[in-house]
Amino acid sequence: MGKPSKVSLPVAEKWYGEGLRFECTQCGNCCSGGPGYVWMTPEDMERIAAFLKLPFDTFTRTYVRQIQGAFSLTEKKDYDCVFLRRENGKAMCGIYPVRPMQCKTWPFWNDNLRSPQHWTNAAARCPGMCDGEAKLYPVEHIEKCRTHPESP
C-alpha cells in the first residue's frame, strides 16, 4: 500500500464518486494469499492483547513483527493472517471485534482505489466487491477509510 497523495481531487471528481458496493462474504481472501503486512498502532496492540487476555509483552513477542520502525501482525507459514481461522467453509477472524484499522477499512484501500482497473483487479480475489446487490458505500465513507494512517 502506498501513502495517500498530497494532492487530492474533489470528491465529486473521483472515479468512484457515486460510491462503491461491497459486502463481506467471509471468504478470507483478504486475510490470506501472498506475503504482506497488517499494520498496527500501539493502541491496536494494547486492544488486541487485552481482548486475548495476554500481557502486552507476550502478545507482541508472539504476534507482532517490527518492519522499518512500524508494527505488523505476523503471518502463518502459508502467509495467512495469524488470526485467520476457517470453520464450515467460512473465514473467521480471531480478533474481529478489535481488528486493526487496516482490516476494518478493506476494500477501501488506496491501492484498490487508484483506478477502476485496480478495483477490478482486487475484486478478482474478493467476491464481496463484485456483488451488484451489495451495500453501496458513499464516497464520503470511502474517503474516510482510505485516509487511515499507513505505515512504511
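Coordinates for the structure precede this section.
What counts and what doesn't
Residues numbered from 1 in each chain as written. Predicted model: local features only at pLDDT ≥ 70, side-chain atom pairs only at ≥ 80, totals over all residues. Heavy atoms only, no water. Helix = DSSP H or I, 4+ residues; strand = E, 2+ residues; numbered from the N terminus. Buried < 20%, exposed > 50% of the residue type's maximum accessible area, 1.4 Å probe, protein only. Contact = heavy atoms within 4.5 Å. Disulfide = S-S within 2.5 Å. Salt bridge = Lys/Arg side-chain N within 4 Å of Asp/Glu carboxyl O. Arc of directions from axis to C-beta. Phe/Tyr/Trp six-rings, centres within 6.5 Å; stacked < 30°, edge-to-face > 60°. Pairing = 2+ DSSP bridges.

Chemist: Would you explain the overall build of the protein in this entry?
Modeler: If you tally the helices and strands in the protein, you get six helices and seven strands. Walking the protein from its N terminus toward its C terminus, one meets helices and strands in the order β-β-α-α-β-β-β-β-α-α-α-β-α. Within the protein, the fraction of its 152 residues that count as buried is 38%. Taking the contacts inside the protein whose residues are at least 6 apart along the sequence as the reference set, 71% of them involve residues at least 24 apart.

Chemist: How do you make sense of the state of the cysteines when you look at a structure like this?
Modeler: By definition, a disulfide links the sulfur atoms of two cysteines through a covalent bond. Applying the stated criterion across every chain yields a total of zero disulfides. No disulfide involves Cys 24; its sulfur sits 6.1 Å from the nearest other cysteine sulfur, which is in Cys 30. In this model Cys 130 remains outside any disulfide bridge; the closest cysteine sulfur is found in Cys 126, 6.9 Å from its own.

Chemist: Would you mind showing me how to read the pattern of salt bridges here?
Modeler: Here the idea is simple: oppositely charged side chains can pair when their charged atoms come close. If you walk through the whole model with that rule in mind, you get five salt bridges. Between Arg 114 and Asp 111 there is a salt bridge whose closest N-O contact spans 2.9 Å. In this structure Arg 114 comes out as exposed when scored by relative accessible area, which is 53%. The partly exposed category is assigned to Asp 111, whose relative accessible area is 24%. Overlapping salt bridges bring together Lys 14, Glu 143 and Arg 146 as one network.

Chemist: Where do I start with helix α6 (residues 139–146) in this structure?
Modeler: For the α-helix, the turn length of 3.6 residues means that residues three or four positions removed from each other point alike. Turning to α6, its buried residues are Val 139, Ile 142, Glu 143, Cys 145 and Arg 146. Looking down the long axis of α6, one finds its buried residues gathered within 160° of arc, a one-sided arrangement. Turned more than 90 degrees from where α6 packs its buried face, Glu 140 and Lys 144 sit exposed. Considering only its buried residues, α6 is in contact with β1 (20–21), α4 (110–113) and β7 (136–137).

Chemist: Teacher, can you tell me more about the packing of aromatic side chains here?
Modeler: For the structure shown, the criterion picks out nine aromatic pairs. Judged by centre distance (4.7 Å) and plane angle (35°), the rings of Tyr 63 and Phe 83 are tilted. Taken together, the positions of Tyr 63 in helix α2 (residues 56–63) and Phe 83 in the loop between β4 (70–73) and β5 (84–87) put the pair 20 residues apart, joining distant regions of the chain. Judged by its relative accessible area of 3%, Phe 83 is buried. Cluster of aromatic residues (ring-pair linked, three or more members): Trp 15, Tyr 16, Phe 22, Phe 108, Trp 119 and Tyr 137.

Chemist: Help me understand the pairing of β4 in this model?
Modeler: A regular strand carries its side chains on alternate faces of the sheet. Direction of pairing for strand β2 (residues 39–40) relative to β4: antiparallel, over a ladder of two bridges. Residue Met 40 lies in a different strand from β4, and its bridge partner there is Phe 71. Here four bridges tie strand β3 (residues 64–67) to β4, and the two strands are oriented antiparallel to one another. By the bridge assignment for β4, Ile 67 is matched with Ala 70. What sits between β3 and β4 in their antiparallel hairpin is a turn of two residues, with Gln 68 showing a positive phi close to 50°.

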